[in-house]
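Each chain, letter by letter, is given below.
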Amino acid sequence: MRVLVVEDQVKMASLIRRGLREEGLAADVAIKGEDALWMVEESEYDALVLDVMLPGIDGLETCRRLRERGLWVPILMLTARDAIEDRVEGLDRGADDYLTKPFAFAELLARLRALVRRGPVERPNELRVGDLRLDPAMRHVWRGDAEIHLSAKEFALLETFMRRPGHALTRERLLDHVWDYEYERRSNIVDVYVRYLREKLDRPFGTESIETVRGVGYRLRRE
């Protein structure tokens, strides 16, 4: 999952980003609504955490403009306001969910997972590709009945593959979904972590589920 956090309070933004990264998610930060608009157009985010009170255009207007431009990334609004009319206005502007400050980080994470799982259509709680199973919420992976223990980044990379089985994914796209802007774009980190996954997912079971697509990147076999 790759998340854009739009929050002008630097301490709050840093805490949210650190928490997301500790969970294995890629997280970028914008402090203004204007920055969020071009960042969402330039990059493929799985969800936005959008504060209502922002300098320049506020979160409500940012949300409205994103929807006006046909950008339907799931949006979780954050606000210190708890009046019902404020929540209604945010949802009417195109937000998908609302969370009032102060909040528990565990709840924010659960709401983000629910939004990403739903996407344009409701997605299953557990991802299945062949005999591979992945539970995004509980962070468990199995091949058949055997549980496989993965690091946070290995898990995030596998989840990206399992949400797009059969699709050839470029290294750049995998970088975008699993790592963030602070990582060196020319690095071979994708190849390194694909090798880690193969060592844990395939070699012990005599399978070849992640295949190299020459000149493109990698693909998770559907079967």
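See above for the structure.
Presented here is a report on the structure given in the accompanying data block.

## Section: the side chain of Glu7
Here is step 1: Mapped onto the fold, Glu7 is located in the loop between strand 1 (2-6) and helix 1 (10-22).
Here is step 2: Note on Glu7: relative accessible area 0%, which makes it buried.
Here is step 3: In terms of polar contacts, Glu7 uses its side chain to reach the backbone amide nitrogen of Gln9, at 3.0 Å.
Here is step 4: For Glu7, the side chain forms a polar contact with the side chain of Lys101, separated by 3.0 Å.
Here is step 5: What Glu7 contacts, discounting residues up to four positions off in sequence, is Met12, Ala13, Ala30, Ile31, Asp51, Leu54 and Lys101.

## A word on the pattern of salt bridges
Here is step 1: All chains considered together, the criterion is met by 23 salt bridges.
Here is step 2: Of the charged contacts in the structure, one is a salt bridge between Asp202 and Arg143, with a shortest N-O distance of 3.2 Å. Of the two residues, Asp202 is situated in helix 8 (residues 189-202) and Arg143 in strand 8 (residues 140-143); the sequence distance between them amounts to 59 residues. Side by side, Asp202 and Arg143 carry an identical accessibility label, which is buried.
Here is step 3: One salt bridge connects Glu154 with Lys200, and the closest N-O pair in it is separated by 2.8 Å. Pair noted here: Glu154 is in helix 6 (residues 152-162) and Lys200 is in helix 8, with a separation of 46 residues, a long-range link.
Here is step 4: On the accessibility criterion, Lys200 (30% relative accessible area) is partly exposed.
Here is step 5: Because the salt bridges share partners, they merge into one network encompassing Glu61, Arg64, Arg65 and Glu68.

## Let's talk about empty space enclosed by the protein
Once rolled over the atoms, a probe with the size of a water molecule shows which space is left empty.
Here is step 1: Applying the stated criterion to the full structure yields three cavities of 30 Å³ or more.
Here is step 2: Forming the boundary of the largest cavity are Met1, Glu23, Gly24, Leu25, Leu109, Arg113, Pro136, Arg139, Ala152, Phe155, Ala156 and Glu159.
Here is step 3: Of all the secondary-structure elements, those providing two or more residues to the lining of the largest cavity are helix 5 (105-118) and helix 6.
Here is step 4: For the lining of the largest cavity, the leading source of residues is helix 6, giving four residues.
Here is step 5: Looking at the lining of the largest cavity residue by residue, the class counts come to seven nonpolar, one polar and four charged.
Here is step 6: Forming the walls of the second largest cavity are Met1, Asp46, Val116, Ala156, Glu159, Thr160, Arg163, Arg164 and His177.
Here is step 7: A per-element tally of the lining of the second largest cavity places helix 6 first, with three residues.
Here is step 8: Considered class by class, the residues forming the lining of the second largest cavity number three nonpolar, two polar and four charged.

## As for the side chain of Lys153
Here is step 1: Counting through the fold element by element, Lys153 comes out in helix 6.
Here is step 2: A distance of 2.6 Å separates a polar side-chain atom of Lys153 from the backbone oxygen of Val178.
Here is step 3: Each residue touching Lys153, except ones within four places of it in the same chain, is listed here: Gly24, Leu25, Val178, Trp179 and Tyr193.

## Some remarks on the pairing of strand 11 (residues 210-213)
Here is step 1: Of the strand pairs in this sheet, strand 11 and strand 12 (residues 217-220) are connected by four bridges, and their pairing is antiparallel. Residue pairing across strands places Ile210 opposite Leu220, the latter belonging to strand 12.
Here is step 2: Here strand 11 hands over to strand 12 after three residues, with Gly215 in that stretch at a positive phi of 80 degrees.

## Topic: the sheet that holds strand 7 (residues 132-135)
Here is step 1: One open sheet holds the four strands; their spatial order is 6-7-8-9, and the pairing between them is antiparallel. Either end of the sheet is taken by a strand with one partner, and the two such strands are strand 6 (127-129) and strand 9 (146-148). Taking the axes of each pair of neighbouring strands and ignoring which way they run, one obtains an average angle of 25 degrees across the sheet.
Here is step 2: Inspection of the sheet shows strand 7 paired to strand 8 by four bridges, in the antiparallel sense.

Criteria and thresholds
- Residues numbered from 1 in each chain as written.
- Predicted model: local features only at pLDDT ≥ 70, side-chain atom pairs only at ≥ 80, totals over all residues.
- Heavy atoms only, no water.
- Helix = DSSP H or I, 4+ residues; strand = E, 2+ residues; numbered from the N terminus.
- Buried < 20%, exposed > 50% of the residue type's maximum accessible area, 1.4 Å probe, protein only.
- Polar contact = N/O pair within 3.5 Å; in protein donor to acceptor, adjacent residues only side chain to side chain.
- Contact = heavy atoms within 4.5 Å.
- Salt bridge = Lys/Arg side-chain N within 4 Å of Asp/Glu carboxyl O.
- 1 Å grid on protein atoms, 1.4 Å probe; cavity = no way out; pocket = protein on both sides within 12 Å on 5 of 7 lines; lining within 4 Å.
- Points joined across faces, edges and corners; volume = space filled by probe spheres on them.
- Nonpolar A, V, L, I, M, F, W, Y, C, P; charged D, E, K, R; others polar.
- Pairing = 2+ DSSP bridges.
- Axes fitted to C-alpha atoms, helices over the stretch in contact; angles between N-to-C directions.

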